[in-house]
Amino acid sequence: MDPVVLKHRRTTLERAEKFISTRYFTDVNLTSRLYPKKAPVKSIKHWAAPRDRYTPYKEAVKQKYKEVKVGQSFGPTWATHWFSVLVTVPAEWVGEEVRLTWDSSSEALVWVDGEPRQGLCKEYERFDFLLTEKLTKDHLSFAVYVEMACNGMFGAGTDTMISPPNLDKQFTLSTCEVAVFNRKAYNLLREIEFLHDMAKHLPEGSERGYQALYTVNEMVNACDVNDADSYKRCHQIANRFLGQKNGDSQHTTYAMGHAHIDTAWLWPYSETIRKCARSWSCTIRLMEKYPNFTFTCSQAQQYEWVKERYPSLYADMKKYITEGRFIPVGGTWVEMDGLIPSGEAFIRQFLYGQLFFKKEFGKTCKEFWLPDTFGYSGQLPQIMRHCGITRFLTQKMSWNLVNKFPHHTFWWEGIDESRILAHFPPGDRYRLEGRVEEILRTANNFKDKGRSDKTAFLFGFGDGGNGPSEDMIERLKRMENVDGLPKVKMSTPDEFFSDIESEDGGKLCRWAGELYLELHNGTYTTHARVKKMNRKCEFLLHDAEFLSSIAMVTHAKDEVYPHEELIRLWKLLLLNQFHDVLPGSSIGMVYEDAHKYYNDIMQSGTKLCTLASQHALAKSLVTADAKSSGKQKCHLVWNSQSWERSAVVAVESTEDDVVASGKKPSKKRKIETMATDDVCQTGSDGNKLYYVTVPSYGYGALKNEKIISPVEIKLEDDGLVVMKNECLEAHIDMAGRVRKMFVQGSTRNAISADFPANQFIMHDDIPLYWDAWDIMDYHLETRKPVEVVMSEAKIVEEGPLRAAVKVQLKISEKSRIDQVITLDVGSPYLKFSTKVEWNENRKLLKVEFPTSIHTREAAYDIQCGHIKRPNHLNTSWDTARFEVCGHKWSDLSEFGFGVAVLNDCKYGHSAVDNILRMSLLRSSKCPDKMADMETHEFTYALMPHLGTLQEAGVIKHSYCLNNPLSLQYQECNTGAVKSTSFFSMASPQVVLENVKKSEDGDRGSLILRLYESFGGACSTYLSTTIPFQSVTVVSGLEDKQENDCNLRIQNDKIHFTIKPFQILSLRLYPHLDTTVASAGVKK
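Cut-off values and rules
Residues numbered from 1 in each chain as written. Predicted model: local features only at pLDDT ≥ 70, side-chain atom pairs only at ≥ 80, totals over all residues. Heavy atoms only, no water. Helix = DSSP H or I, 4+ residues; strand = E, 2+ residues; numbered from the N terminus. Contact = heavy atoms within 4.5 Å. Areas by Shrake-Rupley, 256 points an atom, 1.4 Å probe, with all protein chains shown as cover. Lys, Arg positive; Asp, Glu negative; His and termini not counted. Charge placed at Lys NZ, Arg CZ, Asp CG, Glu CD. Core = buried A, V, L, I, M, F, W, Y, C linked by side-chain atoms within 4.5 Å. Buried < 20%, exposed > 50% of the residue type's maximum accessible area, 1.4 Å probe, protein only. Expected span 1.5 Å × (residues − 1). Salt bridge = Lys/Arg side-chain N within 4 Å of Asp/Glu carboxyl O. Patch = residues over 30% accessible without salt bridge, like charges linked within 9 Å, V, L, I, M, F, W, Y side chains within 5 Å. Axes fitted to C-alpha atoms, helices over the stretch in contact; angles between N-to-C directions. Left-handed = near helix turned anticlockwise from the far one by under 90°. Nonpolar A, V, L, I, M, F, W, Y, C, P; charged D, E, K, R; others polar. Arc of directions from axis to C-beta. Polar contact = N/O pair within 3.5 Å; in protein donor to acceptor, adjacent residues only side chain to side chain. pLDDT = per-residue confidence, 0-100. Pairing = 2+ DSSP bridges. Parallel < 35°, antiparallel > 145°, perpendicular 65-115°, else oblique.

Notes on the overall build of the protein chain
The number of helices and strands found in the protein chain is 20 helices and 58 strands. Each principal axis of the C-alpha atoms in the protein chain carries an extent, and together these give about 115 × 65 × 60 Å. Sequence-distant contacts in the protein chain: of pairs separated by 6 or more residues, those separated by 24 or more amount to 75%. If you sum the accessible surface of the protein chain, you get close to 41000 Å²; carbon and sulfur atoms cover 48% of it. Within the protein chain, one finds 135 positive and 140 negative side-chain charges whose respective centroids are separated by 3 Å.

Observations regarding the nonpolar core
Residues Trp-280, Tyr-303, Phe-326, Phe-392, Leu-845 and Phe-983 are the most contacted members of the largest nonpolar core, which totals 273 residues. No other element matches helix α14 (residues 528-555), which puts 14 residues into this core. If we ignore the near neighbours within four places in the chain, the residues touching Tyr-303 are Trp-280, Cys-297, Ser-298, Tyr-314, Met-317, Ile-321, Phe-326, Ile-327, Pro-328, Phe-356, Phe-357 and Phe-361. Membership of the second largest hydrophobic core comes to 32 residues, among which are Phe-83, Val-89, Val-144 and Val-178.

Brief notes about α14
Taking 1.5 Å per residue, 28 residues should reach 40 Å; α14 reaches 40 Å between its end C-alpha atoms and fits that length. Where burial is concerned, most of α14 is hidden: 25 out of the 28 residues are buried.

Side note on the pattern of salt bridges
For the coordinates displayed, the defined rule picks out 72 salt bridges. Linking Asp-103 and Lys-122 is a salt bridge whose minimum nitrogen-to-oxygen distance equals 3.4 Å. Here Asp-103 is found in strand β6 (residues 97-103), whereas its partner Lys-122 is found in the loop between β8 (115-121) and β9 (128-132), with 19 residues between them in sequence. The shortest N-O distance in the salt bridge between Glu-514 and Arg-869 comes to 2.8 Å. Of this pair, Glu-514 sits in the loop between β22 (510-512) and α14 while Arg-869 sits in strand β42 (residues 865-870); the two residues are 355 residues apart in sequence, bridging distant segments of the chain. Given the relative accessible area of 10%, Glu-514 is considered buried. In this structure Arg-869 comes out as buried when scored by relative accessible area, which is 4%. Through salt bridges with shared partners, one network takes in Arg-190, Glu-193, Arg-431, Glu-433, Arg-435, Asp-471 and Arg-475.

Some words on a nonpolar patch on the surface
Judged by side-chain polarity, Leu-6, Tyr-210 and Tyr-214 come together as a nonpolar surface patch covering roughly 350 Å² of accessible area. Relative to the elements of secondary structure, Tyr-210 occurs in helix α4 (residues 207-222).

A look at the packing of helix α3 (residues 183-201) against helix α5 (residues 228-242)
Between two packed helices, the angle of one axis relative to the other and the distance separating the axes together describe the packing. Close contact between α3 and α5 brings their axes to 10 Å; oriented N to C, the two are set at 35 degrees. α3 and α5 meet at a crossing whose hand is left-handed. Counting all contacts with α3, which are made through Lys-184, Ala-185, Asn-187, Leu-188, Glu-191, Phe-194, Leu-195 and Met-198, the residues of α5 involved are Tyr-231, Cys-234, His-235, Ala-238, Phe-241 and Leu-242. Here the residues of the contact of α3 with α5 are counted per class, giving 10 nonpolar, two polar and two charged.

Concerning α5
Compared with an ideal rise of 1.5 Å per residue, which puts 15 residues at 21 Å, α5 spans 21 Å between its outermost C-alpha atoms and is within 8% of the ideal. Regarding α5, the residues found buried are Ser-230, Tyr-231, Cys-234, Ile-237, Ala-238, Phe-241 and Leu-242. Looking straight down α5, one finds its buried side chains confined to an arc of 135 degrees; they lie on one side. For α5, the exposed residues set more than 90 degrees away from the buried face come down to Lys-232, Gln-236 and Arg-240. Buried positions along α5 lie against α3, α4 and α12 (470-478). Where α5 begins, the capping side chain belongs to Asp-227, and its oxygen is found 3.0 Å from the backbone nitrogen of Asp-229.

Let's talk about the side chain of Ser-342
Mapping Ser-342 onto the fold places it in the loop between β15 (326-328) and α9 (343-361). Judged by relative accessible area, which is 15%, Ser-342 ranks as buried. The residues touching Ser-342, leaving out its near neighbours within four places in the chain, are Glu-538, Gln-863 and His-887.

Let's talk about the confidence of the model for the protein chain
Per-residue confidence for the protein chain gives a mean pLDDT of 93, with 95% of residues at or over 70. Note that pLDDT drops below 50 for residues 623-629; the model gives that stretch four contacts with residues more than four away or on any other chain. In this model, residues 1075-1083 is a region of pLDDT below 50 whose contacts with residues beyond four sequence positions or in other chains number 27 contacts.

Details of the pairing of strand β39 (residues 830-837)
As a general feature of sheets, a regular strand has side chains that alternate between the two faces. Burial along β39 is one-sided: the residues Leu-830, Phe-832, Thr-834 and Val-836 are buried and none of Lys-831, Ser-833, Lys-835 and Glu-837 is. For strand β38 (residues 816-824) and β39, the ladder comprises seven bridges, and the chain directions are antiparallel. Bridge pairing links Val-820 to Ser-833 in β39. What sits between the antiparallel neighbours β38 and β39 is a turn of five residues, in which Gly-826 has the positive phi angle 80 degrees. By the bridge criterion, eight bridges tie β39 to strand β48 (residues 935-946) in an arrangement that is antiparallel. Looking at β48, one finds that Glu-837 is bridged to Thr-935.

A word on the sheet that holds strand β37 (residues 802-810)
Sheet architecture is open: nine strands sit in the order β36-β37-β38-β39-β48-β45-β44-β41-β42, paired in antiparallel fashion. Two strands lie at the open edges of the sheet, namely β36 (788-798) and β42, each paired on one side alone. Direction aside, neighbouring strands of the sheet carry axes that sit 20 degrees apart on average. Bridge analysis of strand β41 (residues 857-862) against strand β44 (residues 889-894) gives three bridges, and the strand direction is antiparallel. Looking at the pairing, Ala-859 lines up with Asp-891 of β44.

Details of the side chain of Ser-206
Its location among the elements puts Ser-206 in the loop between α3 and α4. Here Gly-209 takes part through its backbone nitrogen, which lies 3.1 Å from a polar atom of the side chain of Ser-206.

Examining the packing of helix α6 (residues 269-289) against helix α7 (residues 300-309)
Two elements in contact, α6 and α7, have axes whose closest approach is 10 Å; the angle formed by their N-to-C orientations is 80 degrees. As summarised for this structure, α6 and α7 are arranged roughly perpendicular, according to the angle between their axes. Across the interface between the two elements, Tyr-269, Ser-270, Thr-272, Ile-273, Arg-274, Cys-276 and Trp-280 from α6 touch Gln-302, Tyr-303, Trp-305, Val-306 and Arg-309 from α7. A per-class count over the contact of α6 with α7 returns seven nonpolar, three polar and two charged.

Next up, the structure:
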């Protein structure tokens, strides 16, 4: 009789672990039986693809291949190598499951008969490819092609994952052979692993844990790895345990396959296309085998890439999309950054994403899917709802460094009170593998127990790991309904959220405002030129769409609107707003592509603006008399904002004649202007300055307005330069710092009495790991003012339209600042045009503005509104927000008085006590060692004001700084130019944010996007000189919506009510048979 052994938990667990280990005792344990027979392949032949372009399969297979052997290395990094592999399987293997095993220490894609069949990536155990489930004697030979990419799953970092890539890395083909796969051993291994994990991860004293421990030990005792009949006895032992089911009250985990694929990051855009094919082909193979398997997949851009390059794979995807198993989610063009894009750009992400899914698959997404970005704007809930989405999923908030976010399932409320249902999967990881420990952690970690008993579980390897694996599905299948574990069901996002919505939603908590991530706040600043180009392109496309819309309605011709080109440019911009590109956290190769796309947008967008202006005004500015007497040219000044603007514009005294084609004639020409008065000022650069007034969303002649109070500048005896206009007065020292600043009509100094404003500060900027991503709080302890003056403040413009001083500062032996400080006639702000030669190593440059304001909160511009944040450090939540994201302005205000800082391309801000700070430049070295190492030019402005920021026009003037009046040079006849406004708002509260042609082009309709900017409800109206038939309320997807804003037409004006920070989209149907020739043309 065998003795009864008192089991020791640790040794028993470790015994079971070693029995299935891939590292220990692999000559005698169960893992050793997974591939019991192996043989070399018949031949391996190789062809190195050219590195300057992608080689499609049809071209690759026509090349001359040369024999190679296992053990050879291939490279360098980012190269592509094709292999032709011929296999002849030994005849004695008939009836066996046979696989090709491959390890090149890189990513690869298997092609069979011209189709991409499966990705390979040894990093996450995807190293074999199924040749046949059951070998037959009449099919012993196989031929495959392997497309090998010379990069790993996370690129090719030199030292660490996020290090700049090693461009000369070689990749060794260490395995290429054919093997029998032992399905019986595999199934038993999964059961032993499952029971081991239950015994290990259930509470140590739990009875169910000990039942699992004794069961797995009994299975190991019963198993003879060389005797397949013993496997049956082991299954019988396991089934006694697995047959005990759960109760009705158990937590339910909704499992969904997922592969988070960054559209670019540690690899370029081009490699992402191949990552998609490798991952999604694996997914299709699993769907063929497992009928209950579901997979969620976001980002319309990636779908489009696969459609264009891998049509057969895309056809398979569409089949399973129709079945509801391959599930498009997210609704956006890419998984964009959640803070930096403009409100209109956010809407376009959803618009073009949802239109793609609707066109391709006949359905739109119900949930916004953004697992990985670096914070979430407080305006997103409204934008989601505006675009037909009511649900949201992310897991990034689990990365908080200081405070644990208090919820996993809750109502997220935006700044306008829009609510969406939010869920953060409690597994708190991107990479879930379907293990017992993960399921238990998901249930135990869930913070909303009692309010809900349902959580999502996203399993799969992302970023080239090829998504869910067979191992994961097999593990989850065994956990569906087992006593001791939460229930697990293979599910879909719609089923998961619908089941939550069917519960009592009143039990769920509410989180109001932004979701601030307490990490990665350096991404507001890294790669400054990317952020500058993003802002410029957003405004350029805004202008191009407005001007093209006017051209369309004035010509009454739909084809005048360059619809397809504008969509192309928008999609390039949206692509660059991906959450590792726009934040600045990608390798240098990515930014080569990004800036190529930005340059494309700038060149094409500028040309579209010129053409649209010419089309829009051709009929009204050139009469028959002018044509017969000879064409003349003149400057027109366009205003593409919804308020009248008076500003100084500069015209080059000589310039190349830029024609519509974009070509420049070789000869210089003299500028003709419509100015009736003499030029008031010639700038220090020789340009002519004019002070003009242009109506809202319209144009006017280049004509000097009468100046009531010219700008003044002088050097005082105290060594300060005093600049003054009718709005403000500034006292500037020789280092360019603002010592005093007054709003006209007030004797109060807006600047701190103790510290000057416009003080540049250097900080050490060495994070714990995430170099391009993080600014750590301890950087605040390394403050070093920039105080070395290379060239003292010198007056370079003396009025009457513009006054300016120039100063030069030394940062270090390698870096310096050149700054021109300008005050224009009529301007309420002092402008700082800044040029920085930047060559630093892990330093952070800020500029600070100590004020005399006393308040407990600061306001910041965000998408279509603004938010307020504490400017004190009372709580851990406050101290964690030492660096925050804002857009065009930040403001400190007390009752009746305030100070704002405006900017044209910066996003990193902070405010503590009475000091506003703005982060200008970083110098991270990973993953791009050359990040920001260049000359930077940017502009910011200081605006003291009376009253509230709303009353003072801070919002309006931030638009003016970012979107200056634009000049167009075109044909006209003298006296023909009449100031014309196409749209105007009755209330300054409401901003007409965008004017564009509708996507469906229904009757030439225009989409007008408006939002309430002050934070208060109002009733107002929009006027237009465009003859129109009707107006309807639409969504962000341009579908007709219920008129819940009291929209009505009275006296040709469009009246409506609007709520605080509400976004309102209207569809305007013009009379296309009536042209708009000049101002005053009415319905």
